[in-house]
Amino acid sequence: MVKTGRFLLLGMVTLLFAALALPLSAQDLGPGEGAPVVWPNFGGDPTNLNPLLISDRPSQDIADVIFPDFIDINPQTGNIDPNTPNSIADSWTISEDSRTYTFHIRDDYFWSDGTPVSSQDVKYAYDAIVSGEIETPLNGFLTGIESLEAPDDRTVVVTFTEPDCTALSTLKTIPPVPSHVFEALFGTDYAQMNNADYDLNPTVTGGIFNFANFRAGEQVTLVANPDYPATDAPGGVIPEGFIQRQLANQTVVVDEFLAGNLTLIDSVPDDRRAELEQMAANGDLQLFKSLSSGWQYLAFNLADPANPQDGLDADGNPIDQGHHPIFGDVRVRQALAYAVDYNALNQGAFAGNGIPVASPLLTTSWAYNASLNPYLYDPDKAMALLDDAGWIDDDNDPSTPRVAQGALYAEDGTPLHFAITSYSGNTAVDSTLVLMQDQLSRVGFDVTLDILEFQTMLDKLNGQSFDTIMLFLGGFDASNPDELKALYTAEGDVVNSGFNSWSYDNPELAQLFDEARTVPNCDTEQRKALYDKIQQILYDDLPIYYVNTTQVPVVAQADVKNFDPLPLSLKWNIYGWSQVPR
């Protein structure tokens, strides 16, 4: 097998752009002969390409195709199976007591410098995540593991503290990294990787594509991995490369797609949907629709934003984080939900395509609690809740904000003022913010829109210094509701790291997650009853107000062959996409 070195990589970068100008006759394309996949991104650059540190989608979109997985979901079946595309484990066994999993690592995966992918690459990643020294959102997913060992280069042995119904889903979150490179750069001083050159210049990778370069504000360029295992890509990697272009907003994305400068759009704005659907009906492009794998949400900071603290200390004991002066009171959070006129919001921001939700689990999940209904628009109830919470209309003037009088965490006279932090470039978010600002003002909230550059917005989110924040949350495994634990328990509340940036902590909820994970024989009915309780608690406590989900149309150029998206994965077979270079 030919190993790709650095100098060949540099040569391929030149070819990547030269190919754009070389017309080819229509024919079956071989490995590396197809036009590069050009993928749009708007709102901001990727922030980190080290898979251990990623917490944003633009970065994850790149990591998905330049790093292999340990194990993963089969996009055809929805199960975690051996030998799924891009995973390095080809088989595993489970001990009689269901606590120990022994994985065999394939011998045909190589990093871009020719070094074989091995079990050490999984162990290094695990050790770094659980060290507590790196700023990773993954630490909240790996609870329950007693040990992870690599007794030889082809074997990973994982032992859980007790039988665990979510064991495979837990281990799926560990991204293998080139341990020989990381050991040379960081050794066991894992904290060094938090601000390392490798984070945006991953010199050694090993997925479907390999990293070439990153030009801030312009694009990330990847090149086809000629050594990508043939069992996953029988014809080799057809696209010559992958380019993630950084564009200003969704309008520019659509215009660039229609000009032929993008391979696809993975998030069609609602105001252009009818136009593109008509083009698909005419055969001018390919269109695929599926239920979104995530939600638009408004998260409330429940702790003191002026003094961000982790949820737990080094010994696992809760830390007093104070209370947000407004949203520390659940009645105020519920009042906000009742003050939102979702029907008007849906028409104004989503052209009627939104689907209101009441749960952090998608309706496609086996554990979804169908008895919950979205909060209905009820401004009278919203104002009654605010009165009860000590936020009063002291001048009978609806155009001025309410003020605190006997509120739980705010001094008397404090105005009911807060900021919604978000980023610009997404037309649905832009419209949602303006409409929600107006709707909330009608019951006495005074709302400022805090629109930031994407990276600055992420810094504020991770630093837990916001009042509320509006984003899209996605990518969670519908088959494993336990993944939500990282969003709603103290273990995931780590400043500048964890997923629980809103500092929600309910001990009863944490206990229910543990019970659902360890149900004897993993009885589905018993587990679902526990997850139903979890969803009911989250519905009542409302640490996050889920605005909606939607049917997401994806469009690709008409001449892209083998474009075959599945509901569980858009780019599962991206190695086989075939388009003649223009």
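In this text, all values refer to a predicted model and were calculated from it rather than measured experimentally.

Trainee: Lay out the overall build of the protein chain in plain terms, naming residues and giving numbers.
Mentor: Helix and strand content of the protein chain: 15 helices and 20 strands. Against the compact-globule benchmark of 25 Å for 582 residues, the protein chain has a radius of gyration of 24 Å, which places it among compact chains. Considering only residue pairs separated by 6 or more positions, the protein chain has 70% of its internal contacts joining residues 24 or more positions apart. Accessible area for the protein chain stands at about 22900 Å²; split by element, carbon and sulfur atoms hold 50% of it. Taken together, the 27 basic and 81 acidic charged side chains of the protein chain have centroids lying 5 Å from each other.

Trainee: Explain the side chain of Arg272 residue by residue, including any values.
Mentor: In this structure, Arg272 sits in the loop between β11 (264-265) and α7 (273-281). In this structure Arg272 comes out as buried when scored by relative accessible area, which is 14%. Within the local environment of Arg272, its side chain forms a polar contact with the side chain of Asp255, the two groups lying 3.4 Å apart. Apart from residues no more than four positions distant in its own chain, Arg272 is found in contact with Thr251, Val254, Asp255 and Leu258.

Trainee: Could you give an account of the nonpolar core, with specific residues and numbers?
Mentor: Within the largest apolar cluster, 75 residues are counted, with the highest numbers of intra-cluster contacts made by Leu52, Phe70, Phe103 and Met193. For this core, the element with the most residues is helix α3 (residues 119-130), which contributes 6 residues. Apart from the residues within four sequence positions on either side, Met193 is in contact with Asn50, Leu52, Leu53, Tyr124, Ala128, Ile134, Phe182, Phe186 and Asp199. Listed in part, the 74 residues of the second largest apolar core include Leu361, Leu362, Tyr368 and Tyr539.

Trainee: For the state of the cysteines, give the residues involved together with the corresponding values.
Mentor: This structure, assessed with the given rule, holds 1 disulfide. Disulfide pairing is shown between Cys165 and Cys522; the S-S distance is 2.2 Å. In this structure the cystine formed by Cys165 and Cys522 twists about its S-S bond by roughly -105 degrees; its chirality is therefore left-handed. Linking Cys165 in the loop between β7 (155-160) and α4 (167-171) with Cys522 in the loop between α14 (507-517) and α15 (524-541), this pair joins segments that are 357 residues apart in sequence.

Trainee: Quick one: what's the story with the side chain of Asn48, residue by residue and with numbers?
Mentor: One can find Asn48 in the loop between β1 (37-42) and α2 (57-66). For Asn48, a relative accessible area of 9% puts it in the buried group. Looking at Asn48, its side chain comes within polar contact range of the main-chain nitrogen of Asn50, at 2.9 Å. Apart from the residues lying within four places of it in its own chain, the contact partners of Asn48 are Leu53, Ile54, Ser59, Asp199 and Leu200.

Trainee: Give a description of unusual backbone geometry that names residues and reports values.
Mentor: One non-glycine residue, Ala351, lies in positive phi territory at about 50 degrees. Locating Ala351 in the fold gives a position in the loop between α9 (342-350) and β14 (354-355). Of the residues examined, Ala351 reaches a relative accessible area of 45% and is grouped as partly exposed. Positioned with a positive phi, Asn562 is a non-glycine residue whose angle comes to about 70 degrees. Mapped onto the secondary structure, Asn562 falls in the segment after β20 (544-557). You can call Asn562 partly exposed: its relative accessible area is 47%.

Trainee: How would you explain α14 if you had to name every residue and give the values?
Mentor: Taken as a whole, α14 has its buried residues at Leu509, Leu512, Phe513, Ala516 and Arg517. Mapping the buried residues of α14 onto a view down its axis gives an arc of 135 degrees, with all of them on the same face. Turned more than 90 degrees away from the buried face of α14, the exposed residues are Pro507 and Glu508. Tucked inside the fold, the buried residues of α14 contact α13 (485-488) and α15. One side-chain oxygen of the residue at the start of α14 lies 3.0 Å from the amide nitrogen of Glu508, identifying that residue as Asn506.

Trainee: Can you lay out the sheet that holds strand β8 (residues 209-215) for me, pointing to particular residues and giving the numbers?
Mentor: Reading across the sheet, the 4 strands line up as β1-β10-β9-β8 and stay open at both edges, with mixed pairing between neighbours. The sheet is open, and its two borders are formed by β1 and β8, each paired with just one other strand. For this sheet, the mean angle separating the axes of adjacent strands, direction not counted, is 20 degrees. For β8 and strand β9 (residues 219-224), the ladder comprises 6 bridges, and the chain directions are antiparallel. Residue pairing for β9: Phe214 is matched across the bridge by Val220. Packed on one face of the sheet, helix α6 (residues 250-258) meets β1 and β10 (241-247) and runs near 135 degrees to β10.

Trainee: Got a sec to walk through the pairing of β1? Specific residues and values, please.
Mentor: Of all 6 residues in β1, 6 are buried; the element is thus mostly enclosed. The two faces of β1 match: Val37, Trp39 and Asn41 on one face and Val38, Pro40 and Phe42 on the other face are all buried. As defined by bridge partners, β1 adjoins β10 across 6 bridges and the pair is classed as parallel. Counterpart to Pro40 in the pairing with β10 is Arg245.

Cut-offs used in this document
- Residues numbered from 1 in each chain as written.
- Predicted model: local features only at pLDDT ≥ 70, side-chain atom pairs only at ≥ 80, totals over all residues.
- Heavy atoms only, no water.
- Helix = DSSP H or I, 4+ residues; strand = E, 2+ residues; numbered from the N terminus.
- Rg over C-alpha atoms; globule rule 2.2 N^0.38 Å.
- Contact = heavy atoms within 4.5 Å.
- Areas by Shrake-Rupley, 256 points an atom, 1.4 Å probe, with all protein chains shown as cover.
- Lys, Arg positive; Asp, Glu negative; His and termini not counted.
- Charge placed at Lys NZ, Arg CZ, Asp CG, Glu CD.
- Buried < 20%, exposed > 50% of the residue type's maximum accessible area, 1.4 Å probe, protein only.
- Polar contact = N/O pair within 3.5 Å; in protein donor to acceptor, adjacent residues only side chain to side chain.
- Core = buried A, V, L, I, M, F, W, Y, C linked by side-chain atoms within 4.5 Å.
- Disulfide = S-S within 2.5 Å.
- Arc of directions from axis to C-beta.
- Pairing = 2+ DSSP bridges.
- Axes fitted to C-alpha atoms, helices over the stretch in contact; angles between N-to-C directions.

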